[in-house]
Amino acid sequence: MERSKFINAKRIVIKLGTNILRNSDGNVSMPRIFSFIEDISALVKSGKEVIVITSGAVGLGKKRLGLDSTEGTALKQACAAIGQSKLMSIYEEGFDTYGLVAAQILLTEDDFSIRERYLSLRTTLSKLLELGAVPVINQNDTVSTIEIAPRFMNMQVCFSDNDKLSALVASELDADLLVILSDIDGLFDSNPKDNPNAKIIHEVEEVTDDILALAQGVSSGGRGGMATKLEAARMVTRFGGKMLIANGTIPFILRKVFAGEEYGTMFLPQKGSLSDKKRWIGYATNIIGKIIVNDGAKNALINEEKSLLPIGIVDVINEFNKGDVVSIVDENGKEFARGIVNYSSNSCRKVIGRHSDNILEILGFKNYDAIITRDNITIL
């Protein structure tokens with residue numbers, strides 16, 4: 001795709017990683033962050049809508065306290081509380097210089113997983129953009145309990161880093177383009193740290209398993225890495241959006257990208273898109289329960305767009321209630337779909353392998369013939 005077409009975007013989400021917001025000594029790089037603010041302000045004044053996803057609160061808090069590490073959830077949350085106010089003051093001062101208003105939004109997993117809050121968040125973000133404000137979003141590490149609550153031990157959370165958070169925000173707002181800036185030039189055909197002859201891949205048509213296999217390790221200082229960025233790319237492109245990974249340490253990288261210069265790796269949008277509800281089911285919810293199905297049920301769900309009937313179920317893992325979103329897994333343990341269940345885990349176990357006609361006799365009640373109806377299933 002030509003760069004001019006790729007960057008032709010009205011609504012843009014820009015994610016700034018921890019390693020590009022600070023110097024090698026751990027202090028915030030004021031010249032760099034103000035260069036981002038300057039370029040983002042120019043985009044907004046040119047008529048574009050921009051949402052910023054920022055990292056850096058924990059790192060700033062750690063530096064302010066003079067700590068060598070943030071090991072342990074309580075300490076990390078304390079550092080986030082101290083660093084977040086400093087981080088936001090920088091954005092407020094910077095955008096105010098250019099006559100723009102910065103709006104702080106701190107999010108936890110439940111803000112996406114609970115559908116009422118998901119829809120409310122979407123309304124708020126849309127209104128902020130309508131008012132010409134620049135939403136500045138970060139994960140609310142200070143209050144998130146996902147990492148410490150025992151009941152979440154088996155949960156697949158909807159996001160655990162700002163790469164995934166940026167993809168969820170881009171999806172929720174139907175953004176045209178997600179730009180992830182980190183301290184890497186883009187996606188390479190092999191690990192450039194190990195192979196000096198590694199070549200950057202400028203364009204990815206589809207994030208396949210082979211592309212995912214190119215990811216290497218976790219970034220120093222952050223919680224993400226190339227793996228989380230590729231997962232974000234797969235999500236965004238499936239929704240019909242575009243994504244770019246570029247090196248945020250390059251001076252005025254945003255200005256250069258939106259001038260059409262060839263930096264980073266482009267991920268192209270896929271044909272077709274999911275409805276908002278199916279996006280939420282497939283990608284924005286926290287998952288505890290699993291339903292294991294046989295090959296016949298898997299084929300019916302993927303290739304025939306059928307509902308999930310009890311006769312196709314092999315096993316039920318963990319506890320869930322009617323109306324929860326669960327993972328649908330094949331007999332090899334591979335998750336291939338998610339859906340909203342019409343019955344609790346206890347009821348599902350009682351009807352495993354049985355015909356729908358037997359549900360009333362076995363349970364004493366009958367909500368639906370299907371455990372999950374096709375309208376409430378998202379194929380991943």
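Keep in mind that this is a model prediction, so the values were computed, not measured.

Undergrad: I keep staring at the overall build of the protein chain and nothing clicks. Help me out?
TA: What the protein chain contains, in helices and strands, is 14 helices and 15 strands. If one aligns the C-alpha atoms of the protein chain with their principal axes, the spans along those axes are about 70 × 45 × 45 Å. Counting only residues that meet the buried cut, the protein chain has 51% of its 380 residues in that class. Considering only intrachain contacts with a sequence separation of at least 6, the fraction spanning at least 24 residues in the protein chain is 72%. Element-wise, carbon and sulfur atoms account for 48% of the exposed surface of the protein chain, whose accessible area totals about 17,200 Å². Averaging the locations of the 44 positively and 48 negatively charged side chains of the protein chain gives two centres separated by 2 Å.

Undergrad: Even after reading the chapter, I still don't get the confidence of the model for the protein chain, so can you show me in this structure?
TA: Segments scoring low in pLDDT should not have their predicted coordinates read at a detailed level. Scored by pLDDT, the protein chain has a mean of 86; 92% of the residues are at 70 or more. Within the model, the stretch residues 147-151 combines pLDDT values under 50 with 5 contacts to residues more than four positions away or in other chains.

Undergrad: How do you make sense of the nonpolar core when you look at a structure like this?
TA: In a soluble, globular protein the nonpolar side chains are often hidden away together inside. Formed by 47 residues in total, the largest nonpolar core has its most connected members in Phe112, Ile137, Val169 and Phe267. Non-local contacts of Phe267, meaning those with residues more than four positions away in its chain, are made with Phe6, Leu187, Val204, Val207, Leu230, Ala233, Thr237, Lys242, Met243 and Ile245. Among the nonpolar cores identified, the runner-up in size contains 40 residues, and Phe6, Ala102, Ile250 and Val257 belong to it.

Undergrad: In this structure, what is going on with the packing of helix α6 (residues 115-130) against helix α11 (residues 276-283)? I would like to understand it.
TA: For any two helices packed against each other, the geometry is given by the interaxial angle and the distance between the axes. As a packed pair, α6 and α11 sit with axes 12 Å apart at the nearest point and diverge in direction by 125°. Accordingly, the angle class assigned to the pair α6 and α11 is oblique. The crossing of α6 and α11 is right-handed. Judged by residue contacts, Arg115, Tyr118, Leu119 and Arg122 of α6 engage Asp276, Lys277 and Trp280 from α11.

Undergrad: Help me understand the pattern of salt bridges, please; the structure alone is not making it clear to me.
TA: For side chains bearing opposite charge, pairing can occur when the charged atoms are close. Using the criterion set out here, one finds 15 salt bridges in the structure. Here Glu38 ties to Arg255 by a salt bridge, and the two come within 3.0 Å at their closest N and O atoms. Taken as a pair, Glu38 in helix α2 (residues 30-45) and Arg255 in helix α10 (residues 253-257) lie far apart in primary sequence, 217 residues in all. Classification of Glu38 by relative accessible area gives partly exposed; the value is 29%. Where Arg255 meets Asp39, a salt bridge forms, and the shortest distance between an N and an O atom there is 3.1 Å. Highlighted residues: Arg255 in helix α10 and Asp39 in helix α2, separated in sequence by 216 residues. With a relative accessible area of 5%, Asp39 lands in the buried category. By sharing partners, the salt bridges in this structure join Lys15, Asp163 and Lys229 into a single network.

Undergrad: I tried to follow the sheet that holds strand β9 (residues 242-247) on my own but got confused; where do I start?
TA: Strands belonging to one sheet form pairs held by backbone hydrogen bonds; the direction of such a pair is parallel or antiparallel. Pairing within the open sheet is mixed, and its 8 strands lie in the order β3-β4-β2-β1-β5-β9-β10-β8. Each end of this open sheet is capped by a strand with a single partner; those strands are β3 (102-107) and β8 (203-204). The pairing of β3 with strand β4 (residues 134-139) spans 6 bridges and is classified as parallel. Pairing of Leu106 across the sheet is with Asn138, part of β4. Its contacts with the sheet place α6 against β1 (11-16), β2 (49-54), β3 and β4, and it is angled at close to 165° to β3.

Undergrad: I would appreciate a short explanation of unusual backbone geometry in the present structure.
TA: In the Ramachandran plot, Asp174 falls in the positive-phi region, its phi being about 55° despite a non-glycine side chain. Along the polypeptide, Asp174 turns up in the loop between α7 (162-172) and β5 (177-182). Judged by relative accessible area, Asp174 falls into the partly exposed class, the value being 39%. A positive phi is found at Asn318, a non-glycine position, where the angle reads about 70°. Along the chain, Asn318 falls in the loop between β12 (313-317) and β13 (325-329).

Undergrad: How should the sheet that holds strand β11 (residues 290-293) be read in this particular structure?
TA: Taken in spatial order, the 5 strands of this open sheet run β12-β11-β13-β14-β15, and their pairing is mixed. Only two strands of the sheet have a single neighbouring strand rather than two, namely β12 and β15 (377-379). Averaged over all pairs of adjacent strands, the angle between their axes in this sheet comes to 25°, without regard to strand direction. With 4 bridges connecting them, β11 and β12 associate as antiparallel partners. Bridge pairing in β12 links Ile291 to Val316. The sheet strands contacting α11 are β13, β14 (335-340) and β15, and the helix crosses β14 at an angle near 120°.

Parameters and conventions
- Residues numbered from 1 in each chain as written.
- Predicted model: local features only at pLDDT ≥ 70, side-chain atom pairs only at ≥ 80, totals over all residues.
- Heavy atoms only, no water.
- Helix = DSSP H or I, 4+ residues; strand = E, 2+ residues; numbered from the N terminus.
- Buried < 20%, exposed > 50% of the residue type's maximum accessible area, 1.4 Å probe, protein only.
- Contact = heavy atoms within 4.5 Å.
- Areas by Shrake-Rupley, 256 points an atom, 1.4 Å probe, with all protein chains shown as cover.
- Lys, Arg positive; Asp, Glu negative; His and termini not counted.
- Charge placed at Lys NZ, Arg CZ, Asp CG, Glu CD.
- pLDDT = per-residue confidence, 0-100.
- Core = buried A, V, L, I, M, F, W, Y, C linked by side-chain atoms within 4.5 Å.
- Axes fitted to C-alpha atoms, helices over the stretch in contact; angles between N-to-C directions.
- Parallel < 35°, antiparallel > 145°, perpendicular 65-115°, else oblique.
- Left-handed = near helix turned anticlockwise from the far one by under 90°.
- Salt bridge = Lys/Arg side-chain N within 4 Å of Asp/Glu carboxyl O.
- Pairing = 2+ DSSP bridges.

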